[in-house]
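Structural characterization, general
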Amino acid sequence: MNSPVTTRDDFDYAAIMAAVPDPVIIVDPEINLKYLNSAAVGLLGWDPTEWLGRSLLALIHPDDVAVVISSANSVRGKASGTPIELRMHAADGTWKWVEVVGGDATGAPGVDGYVVVARDVTQRRMWEVASGDTVRFQQAVQHAKSIMLLLDRGGCILSVNGAFTRLLGHDPSVAVGSALASFSTPVGATELADALGRSIETGRATTCEVLMRHVDPVHEPRPIRFEIVNLLDDPVVACMVVTAHDVSDLHTARMTLEHLARHDVLTGLVNRSVLLERLESVVEDHRPTAVIFIDLDRFKPVNDLLGHEAGDELLRLVGERLRLLVRPDDLVARVGGDEFVVLADGVNDRQTAQQVCDRIDAALAEPYLLADGPMRITASVGVALNVDDATVTGLMADADLAMYEAKAGRRGEPVRSIPSRQRSANERRRLADDLAVGLRRGEVVAYLQPVTDITTGRTVGLEALARWHHPNLGVLRPAAFLDLAEDAGLDSLLGDVVLRSMCETASALPEHFSLGINLSVPQLADAQLCERISTILGRYGIASTRLVVEITEHATLTRRAGGGKVSPERTLMELHEMGARLSLDDFGTGFSSLTHIRMFPLHAIKIDQSFVAGVCTHQQDRAVIGAVVGMSKALDLLVVAEGVETLDQLEALRELGCDLVQGHLISLPLAPAQVAEWLRRHGNAWPTAVTNTRQVALNGGPAQAPA
Ligand code: C2E
Ligand code: MG
Ligand code: MG
């Protein structure tokens, strides 16, 4: 068989080798370099004279040396081996990827070595590596947790990764080509457009948080935070690069915190701060609204007797009932232990407000089913209306006052009281006109409440408390008209009317009772006050030494004078000189400073009923009363406790050393016609409610004909 290779003597093989475009290298059996053609020199750049005789392995990448040796071994005796790829060191310091294939030419005369043909594959290798990374990178992006998007200038999706579909369910084939904003809520679309616009305008990265819709409407839209990088000017990327991630957890955490700051944990109702915020806007916008205060009656015993768990359960149920009762625009807040406030939207007249209150009253009075069994509780409800000149604090105070009035009413005093401050300006004007007429017609009279010696049970005095028999509104208590009288300049007249009424009743009674009147600050500033009092007392033949003038701490602090007025201090001194006794009323609610007490020739101190109410249940109230008694003894003052409602309170007050008592336990304020009869029956000893019918007293006041 002829060899396919023919040899020609006339050929210049060196020239041929020099012309072969592929690098050709010949090494000896020890792999030392014997020959490099010009392509090989061109590939590696080495000066061949420097390298001839040296080991080729010195030019091979260390990682590829083993492959080269094994390939050399395997090619032994063969005309051609298997091609291998290896890295060779070039003179410029770089590595070249070459594909080599060798053949054993050790037997060929003049060659005596291996002939290796090489090909530069560096470009191909780089491209392969690069394209290999792109694929890897694409895979990584596809599976990344964050959403990645490429958008065009108009916000249209050019490409999108898998997170978009995993999170929101939209198919990539639908997403690509659609506007990103088309997958958000309408509000979100605007925000996205804004953020994209800003990024295009400034060239900077922008962020926004947007609610994105899920493909399945059953799922709530999710809050997604977008970071938009503007690479529109980059020649390779030329688009907006957007990364985004789900911030639902963050949102939930943020919302939980916000909820906690604005809600009561027990009932889930909003708290006082939310109430005040809403009330502020209600007042500012003059929105017709009723502010309804609700306070549970005798909640403390429930808590004490049944335990806190039952108490909590009850409060939760009360909150729930209130929530179910009101309309969607109304607000229900829990503002204290057993205190709730409802803002009834759109209510601007008293009748409707009353209806709402009645509904609340009735709903709360229904039995509650607690874990321990059914129970009942009632609530006292007070209401104030957002009238023209209302303020937030004024409304809160008025509703609170009305609630306390309701509580008092619930305890038995059958009089009505709508704090005058919460009436509209028109209503007040009309009522002031009514009062001017009523005072002259004898509609305002002094009810008298007995003051009793705590050791003997004998009545020692009577205190005049003004009541207005209004032709349409029924019997009104002072809170409903005192400040009206003051505003209308009727306070002096009112004082005279009450004093006359008291004297008229007293003139028919034995003379040993002291007679108390309450004087307000403006009354004390009246320069003619003492003179008029003397005149009236004189007319009824009553000695001025029987008079007890009750003033509040507030009155003793006010130093108003001028414009025909005198300072309250001066009037008090004058009254003292007339022989009247001075009593400090509502003690403990004002500044209660000792210096202040010393400044006046006081005869008695009346402990405010709020302390008396807590004497059996609150250690602090008991301590205050004890301290007041101690101080009064040191200053030689009598101590009167007002608002005594239960036998236990009476006992406690006696133990603490109070001298005199007043309150519903002994008697409600008595209408003029009732006084003589009551004194005849009860004036010399404790009334029956105190001596034997303990049960009646405990059930909320003595069994008497309504005052
Ligand atoms: P005050 O002088 O401290 O009178 C005690 C108030 O407590 C009275 O309210 C009385 O009805 C009420 N009260 C008496 N016993 C009890 C009780 O056991 N429980 C409860 N919850 N309340 C009881 P009222 O009559 O509404 O008077 C309120 C205030 O108005 C009086 O407080 C007094 O400062 C003032 N006031 C009353 N009449 C006149 C008056 O003719 N002129 C002036 N300037 N002020 C008056
Ligand atoms: Mg008083
Ligand atoms: Mg008082």
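Predicted model, so just to flag it, every value in this text is computed and none were measured.

Turning our attention to empty space enclosed by the protein. Any space left empty among the atoms is revealed by the rolling of a water-sized probe across them. According to the stated counting rule, one finds three cavities of 30 Å³ or more in the structure shown. For the lining of the largest cavity, the residue count by class is 15 nonpolar, four polar and no charged.

Tallying each qualifying case throughout the model produces 22 salt bridges. The residue Lys633 makes a salt bridge to Asp659 at a minimum N-O spacing of 3.0 Å. Pair noted here: Lys633 is in helix α24 (residues 619-634) and Asp659 is in the loop between α25 (647-656) and β25 (660-661), with a separation of 26 residues, a long-range link. Put simply, Arg680 and Glu677 hold a salt bridge, and the shortest N to O gap is 2.9 Å. Note that Arg680 and Glu677 are positioned in helix α26 (residues 672-682) at a spacing of three residues, about one turn of the helix.

Turning to the sheet that holds strand β3 (residues 84-89), a few remarks are in order. Reading across from one edge, β2-β1-β5-β4-β3 is the order of the five strands in this open sheet, with antiparallel pairing throughout. The strands lining the two open edges of the sheet, one partner per strand, are β2 (33-36) and β3. Within this sheet the neighbouring strands show an average axis-to-axis angle of 35 degrees, counted without direction.

A few words on the sheet that holds strand β7 (residues 157-160). The strand order β7-β6-β10-β9-β8 describes an open sheet built from five strands, whose pairing is antiparallel. Each of the sheet's edge strands pairs with one partner strand only, and the pair in question is β7 and β8 (206-212). When the angles between neighbouring strand axes are averaged without regard to direction, this sheet yields 25 degrees. Sheet analysis places strand β9 (residues 222-231) next to strand β10 (residues 239-246), joined by eight bridges and oriented antiparallel. Across the sheet, Arg225 pairs through a bridge with His245, a residue of β10. Against the sheet, helix α8 (residues 186-202) contacts β6 (147-151), β8, β9 and β10, and its axis sits at roughly 165 degrees relative to β8. Seen against the sheet, helix α9 (residues 248-262) touches β8, β9 and β10 and runs at an angle of roughly 125 degrees to β9.

This brings us to the coordination of the magnesium ion (ligand 3). Distances from the magnesium ion (ligand 3) to its protein donors, Asp585 (OD), Asp586 (OD), Glu642 (OE) and Glu642 (OE), fall at 1.9 to 2.6 Å. Written as a sequence motif, the donor arrangement for the magnesium ion (ligand 3) is D-D-x55-E. The metal-metal distance between the magnesium ion (ligand 3) and the magnesium ion (ligand 2) comes to 4.3 Å, with Asp585 coordinating both. You can see Asp586 sitting in strand β22 (residues 581-587) and its partner Glu642 sitting in the loop between β24 (638-641) and α25, a full 56 residues away along the chain. Note on Asp586: relative accessible area 26%, which makes it partly exposed. Judged by its relative accessible area of 7%, Glu642 is buried.

The rules we used
Starting from 1, residues in each chain are numbered consecutively following that chain's sequence as written. Chains and ligands are labelled by the order in which they are written, letters from A for the one and numbers from 1 for the other. The model is predicted, so local features are restricted to residues of pLDDT at least 70 and side-chain atom pairs to those at 80 or more, both for listing and for counting; the totals for chains, interfaces and linings are taken over all residues. Values reported for side chains reflect all heavy atoms of the structure, with hydrogen atoms and water molecules removed beforehand. Put plainly, a pocket is an open set of points on a 1 Å grid over the protein atoms alone with protein on both sides within 12 Å along at least five of seven lines, a cavity is a set where a 1.4 Å probe fits but cannot get out, and a lining residue has an atom within 4 Å of a point. Grid points are joined across faces, edges and corners, and a volume is the space filled by probe spheres set on the points. Lys, Arg, Asp and Glu make up the charged group, whereas Ala, Val, Leu, Ile, Met, Phe, Trp, Tyr, Cys and Pro make up the nonpolar group; the residues left over, Gly among them, are polar. What makes a salt bridge here is a side-chain nitrogen of Lys or Arg within 4 Å of a carboxyl oxygen of Asp or Glu, nothing more. Numbering of helices and strands runs from the N terminus, with a helix taken as a DSSP run of H or I at least four residues long and a strand as a DSSP run of E at least two residues long. Here, strands pair whenever DSSP counts at least two bridges between them. Orientation is described by axes fitted as lines to C-alpha atoms, over the contacting stretch for helices, and by angles from 0 to 180 degrees between their N-to-C directions. We call two residues in contact whenever any of their non-hydrogen atoms come within 4.5 Å of each other. Coordination partners: N, O, S within 2.8 Å of the metal, 3.2 Å for Na, K and Ca; water not considered, so apparent gaps in a site are possible. A 1.4 Å probe rolled over the protein chains alone gives each residue an accessible area, and that area as a share of the maximum for its type sets the label: buried under 20%, exposed over 50%, partly exposed in between.

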